[in-house]
Amino acid sequence: MIEDLWYKNAVVYCLDVETFMDGNGDGVGDFVGLRRKLDYLAGLGVTCVWLMPFQPTPNRDNGYDIRDYYGVDPRLGDLGDFVAFTHEAKLHGIRVIIDLVVNHTSDQHPWFQSARKGPDSPFHDYYVWAKKKPKDAHKGMVFPGVQPSTWTYVKEAGGWYFHRFFDFQPDLNVANPEVREQILKVMGYWLELGVSGFRVDAVPFLVELKGLKNHGVEDPYGFLKEMREFLSWRKGDAILLAEANVTMDEVMEFFGDNDRMQLVFNFLANQNFYLSLTRGDATPLIQALKASPDLPHTAQWANFLRNHDELDLGRLSDKDRAEVFQALGPDKGMQLYDRGLRRRFASMLDGDRRRIELAYSLMFTLPGTPVLWYGDELGMGENLALKERQAVRTPMQWSPERHGGFTLAQTPVKPLVEEGAFGFAQVNVAQQRCDPTSQLNWTERIIRARKECPELGWGAWRILRTGNKGVMALRYDWKGNAMVVLHNLSARPCTVKLDPGGDEACPLYNVLTEDHSEPVDGQRHTLTLEGYGYRWFRVGHQNPARKHKVEPRP
Ligand code: NOJ
């Protein structure tokens, strides 16, 4: 069995170069600034950085509208800066993965500029066209309320083109073998420049082949296999992390049988976690975990609390979603696209450290690989004055200085959060670094613990009964070592009788503090948890006799 699957125990940190750190004083974050902050990321314990799109772009969807797949947006630096960054990241033991946005291009991409001239263009079939206005042109919009349609007319071309997202993001025709080749070429290029893989944008739409007639593709998911084969051949340990907000019935199409995406974000667990958090009842999250299929050996979930988009609750029932909205984002201005909240995690919880810690402790111990959104390690908040999803994409808050220490320029690329309890004067790296009780230092410690518990990334897991619906207990087994983690989602303190499983009565050693618990009733333990309390236990040993091989560092 292959044991050096680095992503099984990675701690992934997502950031946007544009808003992380300005190195040249022009107001825009850049690769030079990001490079200077590698010590910070290494200190936090991050092992893999996921960069949001940084290629040349008209920037109408935060870079998810790419004009040139082979460059760096001049505002952020150049290719030399990119390579210097990946090189130095490697020296810090940090891998880099990047967004692969190939469901669509920008309408300013030269392929589309040519394609729109009509069927004689060699690039016309790179996109999806219809001669007549499709009947469903006003259906299936990803951004309801701000995106009027999914098909747009081009007079010059004498036809309509399909765009799952905004009209300036025409969908590529992945049934076209030339397009597939182009996509692989893009992957090969960035792999050669030092990346360890890709967060693949909008994968379900990439493979859906919508709007194409007689496309001749037998298995639309086959392309995912092609991508994986190409990737692994070019760089054996590189990964594909899929953004695929799909049901558990569909998800295996994305993982395949050790031959498609290695990682898929667990959107179902994420959405049900919020319902559990709102209700103080672990049941919805437990049900979501129980619904997930057994994964093949090389596959892994990616877990997150928040990301750069709205908190999408579209898979909850209307009633359940309304309940979460009421608790975490009751104002209309906090809600977006009829399905989500445009808030950061800490502000949704009014900065309540007990609940924030409970939630991150849970996220770090769910089956899978944790993915953090920059600034959440500090408890940054949102700026609701900004449009749509921009609210959660404000510059990193480094210090209480002007513009939060993000830039020395007069005007930062985006306004920072200035006012109130989440403004940069209150929430920033410099101050939290000096305070042992800060959220930043807590996050650093929990990341350290997560990395010291490879059972969580690798182990076979199961849900244990606690007899208390507020409490979720998970057991992990790996190479003769076992862990049990408990989280009380409710505000009420409680005492649970827990059988940690296994063949014999064993003590439980707390990984985060010095105490431990002895079995009192056969194998069972009596465990007391505070409201929103959490525990990570090793079963039987304090320090496991590392029966497993030591994980190679990236
Ligand atoms: C998903 C990305 O997360 C989102 O930010 C973007 O708008 C769409 N894909 C389109 O690329």
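Definitions and cut-offs
Residues numbered from 1 in each chain as written. Predicted model: local features only at pLDDT ≥ 70, side-chain atom pairs only at ≥ 80, totals over all residues. Heavy atoms only, no water. UniProt positions renumbered as here; feature names shortened; annotations may be inferred. Helix = DSSP H or I, 4+ residues; strand = E, 2+ residues; numbered from the N terminus. Expected span 1.5 Å × (residues − 1). Buried < 20%, exposed > 50% of the residue type's maximum accessible area, 1.4 Å probe, protein only. Phe/Tyr/Trp six-rings, centres within 6.5 Å; stacked < 30°, edge-to-face > 60°. Lys NZ or Arg CZ within 6 Å of the ring centre and 35° of its normal. Core = buried A, V, L, I, M, F, W, Y, C linked by side-chain atoms within 4.5 Å. Contact = heavy atoms within 4.5 Å. 1 Å grid on protein atoms, 1.4 Å probe; cavity = no way out; pocket = protein on both sides within 12 Å on 5 of 7 lines; lining within 4 Å. Points joined across faces, edges and corners; volume = space filled by probe spheres on them. Nonpolar A, V, L, I, M, F, W, Y, C, P; charged D, E, K, R; others polar. Axes fitted to C-alpha atoms, helices over the stretch in contact; angles between N-to-C directions. Parallel < 35°, antiparallel > 145°, perpendicular 65-115°, else oblique. Left-handed = near helix turned anticlockwise from the far one by under 90°. Domains from an automatic or database assignment. Buried area = accessible area lost by both parts, 1.4 Å probe. Salt bridge = Lys/Arg side-chain N within 4 Å of Asp/Glu carboxyl O. Polar contact = N/O pair within 3.5 Å; in protein donor to acceptor, adjacent residues only side chain to side chain.

Next up on the list: the UniProt feature "domain: Glycosyl hydrolase family 13 catalytic" (unreviewed entry) in the protein. UniProt's entry tags residues 14–414 with the feature "domain: Glycosyl hydrolase family 13 catalytic" (unreviewed entry), counted in the numbering of this structure. The span residues 14–414 carries 31% helix and 12% strand; its end-to-end C-alpha distance comes to 18 Å.

Turning next to helix α10 (residues 267–279). The end-to-end C-alpha separation of α10 is 19 Å, in line with the 18 Å expected for 13 residues at 1.5 Å each. α10 sits mainly inside the fold: eleven of its 13 residues count as buried. Phe 267, Leu 268, Ala 269, Asn 270, Gln 271, Asn 272, Phe 273, Tyr 274, Leu 275, Ser 276 and Leu 277 are the residues of α10 that are buried.

So, on to the packing of aromatic side chains. Applying the stated criterion to the full structure yields 40 aromatic pairs. Summarising the aromatic geometry, the rings of Phe 82 and Trp 190 are spaced 5.0 Å apart at their centres and angled 80° between planes, so their arrangement reads as edge-to-face. Of the two residues, Phe 82 sits in helix α4 (residues 79–91) while Trp 190 sits in helix α6 (residues 177–192), which places them 108 residues apart along the sequence. When its relative accessible area of 0% is taken as the criterion, Phe 82 is described as buried. Ring geometry for Phe 267 and Phe 304: centres 5.2 Å apart, planes at 70°, overall edge-to-face. With Phe 267 in helix α10 and Phe 304 in strand β10 (residues 300–304), this pair connects stretches of sequence that are 37 residues apart. One Lys or Arg, Lys 8, reaches over the ring of Trp 458 and ends 5.5 Å from the middle of that ring. When the ring centre of Tyr 374 is taken as origin, the NZ or CZ atom of Arg 344, which lies over that ring, is 5.0 Å away.

Core analysis: the largest hydrophobic core is formed by 157 residues, its most contacted members being Tyr 13, Leu 41, Leu 51, Phe 198 and Phe 345. Excluding anything up to four places from it in sequence, Leu 41 contacts Tyr 13, Leu 15, Phe 20, Leu 34, Val 46, Val 49 and Ile 94. If you look at the next biggest cluster of nonpolar residues, it comprises 15 residues, including Ala 482, Val 484, Leu 486 and Cys 506.

To continue, consider the layout of surface pockets. Taken as a whole, the largest pocket spans an internal volume of roughly 620 Å³. Taken together, 27 residues form the lining of the largest pocket, with Val 142, Phe 205, Glu 243, Asn 245 and Asp 312 sitting closest to its centre. Grouping the constituent residues of the lining of the largest pocket by class yields eleven nonpolar, five polar and eleven charged.

Another aspect to go through is the packing of α10 against helix α12 (residues 318–328). Two elements in contact, α10 and α12, have axes whose closest approach is 9 Å; the angle formed by their N-to-C orientations is 60°. Considering the angle they form, α10 stands oblique to α12. Note on packing geometry: the crossing formed by α10 with α12 is left-handed. Packed against α10, whose contacting residues are Tyr 274, Leu 275, Thr 278 and Arg 279, the element α12 presents Asp 320, Glu 323, Val 324, Ala 327 and Leu 328 at the interface. In terms of residue class, the contact of α10 with α12 is built from five nonpolar, one polar and three charged.

Further remarks concern the environment of Gly 368. Here Gly 368 shows up in the loop between α14 (353–365) and β14 (369–373). Separated by 73 residues in sequence, Gly 368 and Asn 441 place their C-alpha atoms 23 Å apart. Those residues within four positions of Gly 368 in sequence are excluded, and the remaining contacts are Gln 300, Trp 301, Asn 303, Arg 450 and Leu 456.

The next point concerns the domain arrangement of the protein. Domain boundaries assigned for the protein yield domain 1 (6–100 + 179–451), domain 2 (110–162) and domain 3 (459–546). Domain 1 and domain 2 are separated by 29 Å when their C-alpha centres are compared. At the interface, 14 residues of domain 1 touch twelve residues of domain 2. For the pair domain 1 and domain 2, the summed buried area comes to about 1200 Å², and 65% of that belongs to carbon and sulfur atoms. Counting the surface domain 1 buries against domain 2, the share from its top three residues, Gln 182, Lys 210 and Tyr 337, is 38%. Counting every contact that joins domain 1 to domain 2 gives one salt bridge. For Asp 136, the salt bridge is made with Lys 210, and the minimal N-O distance between the two is 2.7 Å. Across the domain 1-domain 2 interface, the total number found is three residue pairs in polar contact (both at pLDDT 80 or more).

Counted under the stated rule, the structure contains 31 salt bridges. Note that Glu 243 and Arg 199 form a salt bridge whose closest N and O atoms lie 3.6 Å from each other. One end of the pair, Glu 243, is in the loop between β8 (239–242) and α9 (251–255); the other, Arg 199, is in strand β7 (residues 197–200), with 44 residues separating them in the sequence. Of the two residues examined, Glu 243 and Arg 199, each falls in the buried class. Of the charged contacts in the structure, one is a salt bridge between Arg 389 and Asp 309, with a shortest N-O distance of 3.1 Å. Within this pair, whereas Arg 389 is found in the loop between β14 and α15 (429–433), its partner Asp 309 is found in the loop between β10 and β11 (311–312), the two being separated by 80 residues in sequence. The exposure class of Arg 389 is buried, given its relative accessible area of 8%. If you follow the salt bridges from partner to partner, you end up with Glu 18, Asp 73, Arg 75 and Lys 414 in one network.

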